[in-house]
Amino acid sequence: MRVYLSTVSRPVADPPEPGHRRGRFAMVSGNVIALGTVSLITDVSAEMVAAVLPLYLVLGLNLSPVAFGVLDGVHTGATALLRVVGGFAADRFRRRKLIAGLGYALSAVAKLGLLLAGRSIPAIGAVIAVDRLGKGVRSAPRDALITLSTPPEALGRAFGVHRAMDSFGAFLGPLAAFAVLLVVGQSYDAVFVTSFCVAALAVVVLVLFVRERPTGPTADGETADGPAAEGSNNPKVSVREAFGLLRGGPARRLVLAAAMLGLATIGDGFVYLLLQRRMDLGLRWFPLLAVGTSLAYLVLAAPLGALADRVGRLPVVIGGYTALGATYLLLAGPVDGWPLIALALTLYGAFYAATDGVLIALAGPVLPARLRTTGIALVQTGQALAYLVSSVLFGLAWQAWGPEHAVRAAAVAVAGVLVGTLLLLTSPSRPTTRKVLR
């Protein structure tokens, strides 16, 4: 069966049926809104902790840049392989909502673990790994539910709306942490407890409002209750079938590209620490740096998702990583003061808005519905494992060369990665209409 790879190029659609054009501009499905609400609440919880954690570890516990790089890498990459396990389990047992719910619950419980870890670095690392285990398990099933709730020509818009809601939670999270610290002083435990309560609310919303099998058109162009539905007559997904995705050209190229892109990402904590050093910001104001990024992400996520549906998803992703490289150059450049903060955080938010959901929307049409979650998990795993490596390498570079030289090297890495990604995902002969076999 031939499909157009909208992941690599401008999406090519069949001639519209009567009423189809009108549907293109309809609102996204209720299931996407419900999943966006869960992500919004969860991100309030997660960003409350993320906003204070770099400060707590580096300035409170006096971690070296290398040690922080290891912990920051663990925060995203150490449990990356479990993304594949979660994705495969969701496809095999056809329980994407259940697997996602387990991931959200695990991350909620991890917030309380930070209270028990105290000042023990190994214990903190273990708790962070558990939290990321929850994120790794839930991400692919959640994104697969979005793709299965959305027609292919609207995937960029659906992920843009979801990521906009997610980023609104990320915008509120640091503000909530800032408010808690204003009320109770420098009490990180109060932030952790409040974060747990918010995360528990997200699990309740997931259970009550997210549907396992949404009706209506899916990313395969059929309804979930039609011929493409995952009925009881379909055989269960096997391990061999799941990893057979990597034998196919499009999926393999996407995983390789995602891994390369992960190598170019140094992590939020380092970016904010670099800004804090340049501006000599007070400790109390540090959580607000994440607010600026989240605000830019919130404003740009939905428009850039819709733009990706119109002009092609790969150009938007490339533009996002170009913004990331510009952010790194600003952190080591001559601009200083509040213009530096405004420009850096705006570009950093634009990077996330142009890449986070769009990269998954880019992958969705290439992956068959029964293996959608596993395929998304493979893409996310490649990126997360590479991020683990990049965090450690950047920590070593910071310690060996100093922060300015390290971040310049990161900007050079972004440029090299963009060239490699273009070579992997574009065709010299037909760059706008490449077809692939599925």
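Before reading on, note that the structure itself is shown above.
A. Spotlight on the nonpolar core. Residues L57, Y272, L275, L289, Y328 and F394 are the most contacted members of the largest nonpolar core, which totals 116 residues. Looking at which element gives the most residues to this core, the answer is helix α2 (residues 30–60), with 15 residues. With near-sequence residues (within four places) excluded, Y328 lies in contact with A264, T265, I266, V271, V407, A410, A411 and V414.

B. Local environment of the pattern of salt bridges. On inspection of all chains with the given rule, the structure shows five salt bridges. The salt bridge partner of K111 is D131, with a shortest N-O separation of 3.0 Å. Taken as a pair, K111 in helix α5 (residues 96–117) and D131 in helix α6 (residues 121–147) lie far apart in primary sequence, 20 residues in all. A salt bridge links R313 to D309; its shortest N-O distance comes to 2.7 Å. Looking at D309, the relative accessible area reads 9%, which means it is buried. Linked by salt bridges that have partners in common, R142, D143, R163 and D356 make up one network.

C. Region of interest: the packing of helix α15 (residues 372–401) against helix α16 (residues 403–425). It is at 7 Å that the axes of α15 and α16 come closest, and there the two elements cross at 140°. By the angle between their axes, α15 is oblique relative to α16. In this structure, the crossing between α15 and α16 has a hand that is right-handed. Together, F394, A397, W398 and W401 of α15 and P403, H405, A406, V407, A409 and A410 of α16 make up the contact between the two elements. Grouping the amino acids of the contact of α15 with α16 by side-chain chemistry returns nine nonpolar, one polar and no charged.

D. Summary view of a nonpolar patch on the surface. A grouping of L201, V204, V207, L208 and F209 is seen on the molecular surface, where their side chains present a nonpolar patch of about 510 Å² in accessible area. Summarising the element assignment, V204 is placed in helix α8 (residues 188–209).

E. Geometry of the environment of W338. Within the secondary structure layout, W338 lies in helix α14 (residues 337–363). With a relative accessible area of 60%, W338 lands in the exposed category. Distance from W338 to M279, taken between C-alpha atoms, is 8.3 Å for residues 59 residues apart in sequence.

The rules behind these values
Residues numbered from 1 in each chain as written. Predicted model: local features only at pLDDT ≥ 70, side-chain atom pairs only at ≥ 80, totals over all residues. Heavy atoms only, no water. Core = buried A, V, L, I, M, F, W, Y, C linked by side-chain atoms within 4.5 Å. Buried < 20%, exposed > 50% of the residue type's maximum accessible area, 1.4 Å probe, protein only. Helix = DSSP H or I, 4+ residues; strand = E, 2+ residues; numbered from the N terminus. Contact = heavy atoms within 4.5 Å. Salt bridge = Lys/Arg side-chain N within 4 Å of Asp/Glu carboxyl O. Axes fitted to C-alpha atoms, helices over the stretch in contact; angles between N-to-C directions. Parallel < 35°, antiparallel > 145°, perpendicular 65-115°, else oblique. Left-handed = near helix turned anticlockwise from the far one by under 90°. Nonpolar A, V, L, I, M, F, W, Y, C, P; charged D, E, K, R; others polar. Patch = residues over 30% accessible without salt bridge, like charges linked within 9 Å, V, L, I, M, F, W, Y side chains within 5 Å. Areas by Shrake-Rupley, 256 points an atom, 1.4 Å probe, with all protein chains shown as cover.

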